[in-house]
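Residue-level listing of the chains:
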Amino acid sequence: MDLPGFEDLPEIEYSPLGRQVTRTGVTVRVLIYRVPSEDLRWTLEIEDHLGGSTCWDSTFATAQEAYDVFEQHVRLEGIRSFTQPAARS
């Protein structure tokens, strides 16, 4: 079904590497996507349980590279870093 006003939105391709991930009782949703008509590079976005999101400024050549960056961030900063407000200076 086409919704009025949304006909011109580009098609988004989601990677099958995107999924819900739970560690130490915290669940986030990993989104890896691209708009093939505009860019072949992948975007990495993480959604927390409240609907807040963290989106990387850089894009990635492959979906696997994007997922690996997510895993590295979790190893270094912990999964809770996606659910806590950023420190303000």
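Here we summarise the structure given alongside this text. (Residues numbered from 1 in each chain as written. Predicted model: local features only at pLDDT ≥ 70, side-chain atom pairs only at ≥ 80, totals over all residues. Heavy atoms only, no water.)

**Thoughts on the overall build of the protein**
This is how it is decided: Put simply, DSSP H or I for four residues or longer makes a helix, DSSP E for two residues or longer makes a strand, and each gets a number counted from the N terminus. A 1.4 Å probe rolled over the protein chains alone gives each residue an accessible area, and that area as a share of the maximum for its type sets the label: buried under 20%, exposed over 50%, partly exposed in between. Contacts are assigned to residue pairs that have any heavy atoms within 4.5 Å of one another.
Looking only at helices and strands, the protein has one helix and five strands in total. For the protein, the N- to C-terminal ordering of α and β elements is β-β-β-β-β-α. Within the span of the protein, comprising 89 residues, buried residues form 30% of the whole. The contacts in the protein between residues at least 6 apart in sequence include a share of 34% that link residues at least 24 apart.

**Focus: the pairing of strand β2 (residues 19-23)**
Here is the rule we go by: Strand pairing is assigned whenever DSSP detects at least two bridges linking the two strands.
In this structure, β2 lies alongside strand β3 (residues 26-34), joined through five bridges in antiparallel fashion. If you follow Arg23 over to β3, its bridge partner there is Val26. Counting the residues that bridge the hairpin from β2 to β3 gives two residues, and of these Thr24 lies at a positive phi of roughly 45°.

**Structural notes on the pairing of strand β4 (residues 43-47)**
For a regular strand, side chains alternate in direction, first toward one face of the sheet and then toward the other. The element β4 is largely enclosed, with a buried count of four among its five residues. Taken together, the five bridges between β3 and β4 define a ladder with antiparallel strand orientation. Bridging across to β4, Val30 finds its partner in Ile46. As defined by bridge partners, β4 adjoins strand β5 (residues 53-55) across three bridges and the pair is classed as antiparallel. From the neighbouring strand, Glu47 faces β5, where its bridge partner is Ser53. Taking the residues that link successive antiparallel strands as the turn, the β4-β5 hairpin has five residues, and the phi of Gly51 there is positive, at about 90°.

**Overview of helix α1 (residues 63-77)**
Just so we agree on the cut-off: Expected helix span is computed as 1.5 Å times (number of residues minus one).
Relative to the 21 Å expected for 15 residues at 1.5 Å per residue, α1 spans 21 Å between its end C-alpha atoms, a close match to the ideal helical length. Where α1 is buried, its residues contact β2, β3 and β4. Gly78 sits one or two positions beyond α1 and adopts a positive phi of about 90°.

**Digging into the packing of aromatic side chains**
Geometrically, a pair of aromatic rings is defined through the distance of the ring centres and the angle of the planes. The cut-off we apply is this: Aromatic rings from Phe, Tyr and Trp, taking only the six-membered ring of Trp, are treated as a pair when their centres fall within 6.5 Å; an angle between ring planes under 30 degrees marks them as stacked, one over 60 as edge-to-face, and anything in between as tilted.
Scanning the model with the defined rule gives four aromatic pairs in all. Ring geometry for Trp56 against Phe82: centres 6.2 Å apart, planes inclined by 45°, an arrangement best described as tilted. Residue Trp56 is found in the loop between β5 and α1, and its partner Phe82 is found in the segment after α1; the two are separated by 26 residues along the sequence. Trp56 gets classed as buried once you look at its relative accessible area, which sits at 19%.

**Regarding the nonpolar core**
Put simply, the rule reads: Here, nonpolar core refers to any group of buried Ala, Val, Leu, Ile, Met, Phe, Trp, Tyr and Cys residues whose side-chain atoms link them within 4.5 Å.
Grouped together as the largest cluster of nonpolar side chains are 18 residues, with contacts concentrated most on Val28, Val30, Ile32, Leu44, Ile46, Phe70 and Phe82. Only β3, β4 and α1 provide two or more residues apiece to this core. Not counting chain neighbours up to four residues away, the residues in contact with Ile46 comprise Val28, Arg29, Val30, Gly52, Ser53, Thr54, Trp56, Phe70 and Phe82.

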